[in-house]
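The primary structure of each chain is shown beneath.
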Amino acid sequence: MSETIGVYEIEDRSFPPPPDFAAQANTNDRSLYEEAEADYEAFWARQARELVTWSKDFHTTLEWELPFAKWFVGGELNITANCLDRHVEAGRGDKVAYHWEGEPGDTVTITYAELLTEVCKFANVLKAQGLGKGDRVAIYMPMILELPIAMLACARIGVAHSVIFGGFSADAIVDRCDDAEARLIITADAGYRRGAPSPLKATVDTALASGAPTVEKVIVANRCDLELDMVDGRDLWWHELMADAAEHCPAEPMDSEQLLYILYTSGTTAKPKGIMHTTGGYLTQVAFSHKYVFDIKPETDIYWCAADIGWVTGHSYIVYGPLANGVTSVMYEGTPDTPSQDRLWDIAERYGVTQLYTAPTAIRMFMKWGAQEPAKHDLSTLRVLGTVGEPINPEAWMWYHEHIGGNGRPIVDTWWQTETGGHMISPLPGVTTTKPGSACHAIPGVFAELVDDNGNVVTNGGGYLTITRPWPAMLRGIWGDDERYRETYWSTFEGRYFAGDGAKLDDDGYLWLLGRVDDVMNISGHRISTTEVESALVDHASVAEAAVVGATDDVTGQAIVGYVILRGGNEPSQELGDEIREHVGVKLGKIARPKTVIIVPDLPKTRSGKIMRRLLRDVADGRELGDTTTLADPGVVTEIADRAATDDEA
Ligand code: WTA
């Protein structure tokens, strides 16, 4: 029996935890769920005291004034003492923190003791620049070890970091630095991508030439030996500052609610939101979820999250979670097809990776490349496979299960968001019987419900995903905009956090995520707002009006399709369309560049003047999409006109 929900078929295939796995798992029964259901505050308090080392114990687990939460109130801790010092003090200083591998094949192995020293030195560098508690620093770096070092150095001295994904544009840097009033940018000359240096410092120069007046200094790590224009009095070399830095920097205790970082994410308007995360609750939930969702055994595991630290997945599951749990991680700089399409499997085999965490879009790409690629390698050390970022289609799930997991490894499909800080809905690999394509259930201590348009709880069938109780790693707000925080997340359904996702509950109580229900697209697991791309399109001098939709794409989940109307006096041409596409790439960064731009004479609108996006999406879905511009060929126009005539969208 199978039933269709959204674009997926629910199948009756299910996979109980393999008995030998369950027997050794960190948890293999319902006790954590039961404990949390009985008293979730007591449950989280226990996790906080077991998984985190506090310099001062907290007196109150939760203060909740909807929508503002404080967790572990009165408690003090230093997050880097938890990630580094305590492992070194316990005699585990020689344990490898990261096996780092550069794209060209160069490697660095750094132990916990060495990482601690580097972090202390860089914290002293930041202090020497006059930075301390209450300041913000922007970080725009490739996937090199200086990136976690920079983040941890900030955290050690109470500076909040704001990591900007290395693929973002100069304008994006300006917007984020302005909003956060960042005093300093940490960057690198470049990082290796697809076999060549991909410059970063040059983009910072462009950004600072046009704005971001709060930025006083730029610290530059040397990764690719590029010749750079170093601005006198502004730009400083990482290695020169580090050469003189003292190796000791005390881990000052911070308040549990000390701002740890701001991470910008796309919303439904053109202005990205600065999501704020604090210290004690965040660390508790990422350490807990990392330990139980991935079944981490710090003594023996080699864990690998193949995400980029520029996104929340990297913050929580490359940096803070794994380091708090004292596990050895793999960190890889580059692209999965350089120099060949088995690069990931080669890395996994060489280091003996035990957990792999990646995205459905990557899995679909691996499927395209073919099962012969992983088959070249011995992947038998893998114990748990994770996915994140977008709904995983059962076909990709099964491929992962078969070709990477050799049919015997639990898969954890983890649903969460930048805003949630850590995992929210996921199987526990020793407990949950999984179904291909379902994220299964809320983790212990997290409470999710579906509601309908009127806010009534849905116990079977489709609805909007909401979270009903506060959770430790929840966002503490939007930087500088409490009202927007309340409005965006807490006003749609009273008393509930509304995530922006649709989902369905099946007869067995399993959750199936169906994707965003707002104007946010999900391209390769990256959130991009339609409005943001539309503003970038109309920012081009030749564009009068634009409508952007996320069309279905086999590999990237969704692909950006932009419909544009030209301003009078402009002739539609391939060149102009390509220039418009490129313009978005420059404005927002390559990941936001539309896959296809369709130049149209008109856009279908309702009588009240609203663009009929659903229709445009259907039109885009019915066409072969390429990395191209399509002129207003009569085919598109008649198709839009025909459908508009029959579409009853209000
Ligand atoms: C989507 C990434 C289905 C969802 C950690 C969410 C998912 C958005 C899943 C957050 C999943 C993430 N199944 N959808 N397992 N994981 N999403 O903030 O739409 O970059 O709202 O955080 O990605 O994206 P973000």
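What you see is a predicted model; the values in this text were computed from it and never measured.

Each value, and the rule that gives it
- Residues numbered from 1 in each chain as written.
- Predicted model: local features only at pLDDT ≥ 70, side-chain atom pairs only at ≥ 80, totals over all residues.
- Heavy atoms only, no water.
- Helix = DSSP H or I, 4+ residues; strand = E, 2+ residues; numbered from the N terminus.
- Buried < 20%, exposed > 50% of the residue type's maximum accessible area, 1.4 Å probe, protein only.
- Contact = heavy atoms within 4.5 Å.
- Areas by Shrake-Rupley, 256 points an atom, 1.4 Å probe, with all protein chains shown as cover.
- Lys, Arg positive; Asp, Glu negative; His and termini not counted.
- Charge placed at Lys NZ, Arg CZ, Asp CG, Glu CD.
- Near = heavy atom within 4 Å.
- Polar contact = N/O pair within 3.5 Å; in protein donor to acceptor, adjacent residues only side chain to side chain.
- pLDDT = per-residue confidence, 0-100.
- Salt bridge = Lys/Arg side-chain N within 4 Å of Asp/Glu carboxyl O.
- Pairing = 2+ DSSP bridges.
- Right-handed = clockwise from strand over helix to strand, strands pointing away.
- Axes fitted to C-alpha atoms, helices over the stretch in contact; angles between N-to-C directions.

### Description of the overall build of the protein
When helices and strands are counted, the protein shows 20 helices and 33 strands. With the principal axes as the frame, the protein shows a C-alpha extent of 70 × 65 × 55 Å. Within the protein, the proportion of its 650 residues that are buried is 61%. Within the protein, counting contacts between residues at least 6 apart in sequence, those at least 24 apart form 72% of the total. For the protein, the exposed area adds up to about 24,100 Å²; of that, 48% sits on carbon and sulfur atoms. Distance between charge centroids for the protein: 2 Å, based on 56 positive and 97 negative side chains.

### Some remarks on helix 13 (residues 360–369)
With respect to burial, helix 13 is a largely interior element, 7 of its 10 residues being buried. Within helix 13, the full set of buried residues consists of P360, T361, A362, I363, R364, F366 and W369. Where the residues of helix 13 are buried, they touch helix 12 (343–351), strand 20 (355–358), helix 14 (372–375), strand 21 (384–388), helix 15 (394–404) and strand 31 (557–566). G370 sits one or two residues past helix 13 and shows a positive phi near 110 degrees.

### Concerning the site of the ligand
As a structural note, the neighbourhood of the ligand is formed by 17 residues, with D413, T414, T418, D501 and R527 the closest of them. At a separation of 2.8 Å, a nitrogen atom of the ligand approaches a polar backbone atom of T414. Between the ligand and T418 there is a distance of 2.5 Å, counted from an oxygen atom to a side-chain nitrogen or oxygen. Notes on the ligand: free accessible area 530 Å², of which the protein chains cover 97%. For the shell around the ligand, the secondary structure elements donating two or more residues are helix 11 (312–324), strand 22 (411–414) and strand 27 (511–516).

### Some details on the confidence of the model for the protein
Across the protein, the average pLDDT comes to 93, with 95% of residues at 70 or higher. This stretch, residues 1–8, has a pLDDT under 50; its non-local contacts, to residues over four places away or in other chains, come to 18 contacts.

### Some details on the pattern of salt bridges
Tallied over the entire structure, the rule returns 36 salt bridges. For R223, the salt bridge is made with D106, and the minimal N-O distance between the two is 2.8 Å. Of this pair, R223 sits in the loop between strand 13 (217–221) and strand 14 (235–237) while D106 sits in the loop between strand 6 (96–101) and strand 7 (107–111), and the two are 117 residues apart along the sequence. Exposure remark for R223: the relative accessible area of 14% places this residue in the buried category. Between D337 and R194 there is a salt bridge; the shortest N-O distance is 3.8 Å. Of this pair, D337 sits in the loop between strand 19 (328–332) and helix 12 while R194 sits in the loop between strand 11 (190–193) and strand 12 (196–199); the two residues are 143 residues apart in sequence, bridging distant segments of the chain. Overall, the relative accessible area of 24% leaves D337 in the partly exposed class.

### Some points on the pairing of strand 21
The buried count for strand 21 comes to 5 of 5 residues, which makes it a mostly enclosed element. With burial as the criterion, each face of strand 21 is covered, one bearing V384, G386 and V388 and the other bearing L385 and T387. Here 4 bridges tie strand 21 to strand 22, and the two strands are oriented parallel to one another. Counted as the bridge partner of V388 is T414 from strand 22. Considered for its hand, the β-α-β crossover made up of strand 21, helix 15 and strand 22 is right-handed.

### Quick notes on the sheet that holds strand 18 (residues 302–305)
Ordered by their spatial adjacency, 7 strands build an open sheet running 7-6-19-18-20-21-22, and the pairing between neighbours is mixed. Edge positions in the sheet fall to strand 7 and strand 22, since each of these pairs with one other strand and no more. Along the sheet, successive strands turn relative to each other by an average axial angle of 20 degrees, direction set aside. Across 4 bridges, strand 20 lies against strand 21 in parallel orientation. Note on strand 21: the bridge partner recorded for Q355 is V384.

### Focus on the side chain of S529
Counting through the fold element by element, S529 comes out in strand 29 (residues 526–529). Polar contacts involving the side chain of S529 include one to the main-chain amide nitrogen of E532, which spans 2.9 Å. Aside from chain neighbours lying at most four places away, what touches S529 is S266, G267, T268, T269, D519, V520 and M521.

### Topic: the sheet that holds strand 26 (residues 497–505)
Sheet strands pair by backbone hydrogen bonding; their relative direction is either parallel or antiparallel. Strand order in the open sheet formed by 5 strands is 24-23-25-26-27, and the pairing between neighbours is antiparallel. Unpaired on one side and paired on the other, strand 24 (457–458) and strand 27 mark the two borders of the sheet. Looking at chain direction, strand 26 and strand 27 are connected through 5 bridges and run antiparallel. Each bridged residue has a counterpart across the sheet, and for G502 the counterpart in strand 27 is G515.

### Structural notes on helix 17 (residues 530–538)
In an α-helix, one turn spans 3.6 residues; hence positions three or four apart end up facing the same way. For helix 17, the complete set of buried residues consists of T530, E532, V533, E534, A536 and L537. Looking at the buried residues of helix 17, the elements they touch are strand 28 (520–523), strand 29, strand 30 (543–553), strand 31, helix 18 (574–588) and helix 19 (613–621).

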